[in-house]
Amino acid sequence: MCVESPIMKTIRLILFIAFTCLSLFSCSSWSNKKEEVAGELIQGELYFKLIDFGSYYGFSDDIIEEFENYVDSLTKVDVISDNDRYVRDFTEILKQNDLIYLPYFNLKVDSIHKVKVYLSEKEYKKIQQYNHQELINENQKVTIRLKGEYVHDDIVKCTEIISTDKVEGKTYWRK
């Protein structure tokens, strides 16, 4: 049995927070506008982010607890950075909409608008098979049509994936 030293735990927490902040900081700004009506058809292209945080899905209880403690600490201070405020607000939006434990994927809706799509595990299985590197090697991309609603400017709650189609084209990705 391997026992993790306090230094390794601290390094792991710092890396987790850094990756989370980088991922969240790279998202477009929040504006509270809702462009879609509940249950409306939303379509776009699957895109990949190499470093990304969007929910607790797949994380161990220990990591979730560490992150919860971190976010909780942000609510107890009067002055916080814009990045920390973003992390706090993003996490709160996910919790308020019961999305924090759901799987998600990134969808490029148009040339500038990208969203995180949250969905059930059953619906997630419909897109789980697509591999970023394989799509690039085959010069293909995945177009997705889904039914869902915007719960925030860049957050969609999907009720159903209507179709996924692998077509010729470049798969969008970013670091």
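Shown above is the structure to which this text applies.
In this text the structure is predicted, and so the values were computed from the model without any measurement.

The rules we used
- Residues numbered from 1 in each chain as written.
- Predicted model: local features only at pLDDT ≥ 70, side-chain atom pairs only at ≥ 80, totals over all residues.
- Heavy atoms only, no water.
- Helix = DSSP H or I, 4+ residues; strand = E, 2+ residues; numbered from the N terminus.
- Contact = heavy atoms within 4.5 Å.
- Areas by Shrake-Rupley, 256 points an atom, 1.4 Å probe, with all protein chains shown as cover.
- Core = buried A, V, L, I, M, F, W, Y, C linked by side-chain atoms within 4.5 Å.
- Buried < 20%, exposed > 50% of the residue type's maximum accessible area, 1.4 Å probe, protein only.
- Phe/Tyr/Trp six-rings, centres within 6.5 Å; stacked < 30°, edge-to-face > 60°.

Asker: Explain the overall build of the protein chain residue by residue, including any values.
Answerer: Per the secondary structure count, the protein chain includes five helices and six strands. Along the protein chain, from the amino end to the carboxyl end, the secondary structure elements read α-β-α-α-β-β-α-α-β-β-β. In the protein chain, the share of contacts with a sequence separation of at least 24, taken over all contacts with a separation of at least 6, comes to 73%. When the accessible surface of the protein chain is split by element, carbon and sulfur atoms take 53% of a total near 10,300 Å².

Asker: A description of the nonpolar core should follow, citing residues and the corresponding values.
Answerer: The biggest cluster of nonpolar side chains holds 19 residues, and the ones touching the most others in it are F105, L107, V117, I144 and L146. Of all the elements in the fold, those that place two or more residues in this core are β1 (40-49), β2 (104-108), β3 (114-118), β4 (140-152) and β5 (155-168). For this core, the element with the most residues is β4, which contributes four residues. Dropping the residues within four chain positions of it, V117 is found in contact with P103, Y104, F105, L107, L146, V156 and C158. If you look at the next biggest cluster of nonpolar residues, it comprises 18 residues, including I64, L74, I100 and V151.

Asker: Pulling in residues and values, what's your account of the packing of aromatic side chains?
Answerer: The geometry of an aromatic ring pair is captured by two quantities: the separation of the ring centres and the angle between the planes. Taken as a whole and judged by the stated rule, the model has six aromatic pairs. A ring pair is formed by Y86 and F90, whose centres lie 6.2 Å apart and whose planes are at 10 degrees; its orientation type is stacked. Within this pair, Y86 and its partner F90 are both found in helix α3 (residues 82-96), separated by four residues, close to a single helical turn. Like F90, Y86 is buried. Members of the aromatic cluster, joined through ring pairs, are Y56, F67, Y70 and Y101.

Shape descriptors only; they carry no functional weight alone.
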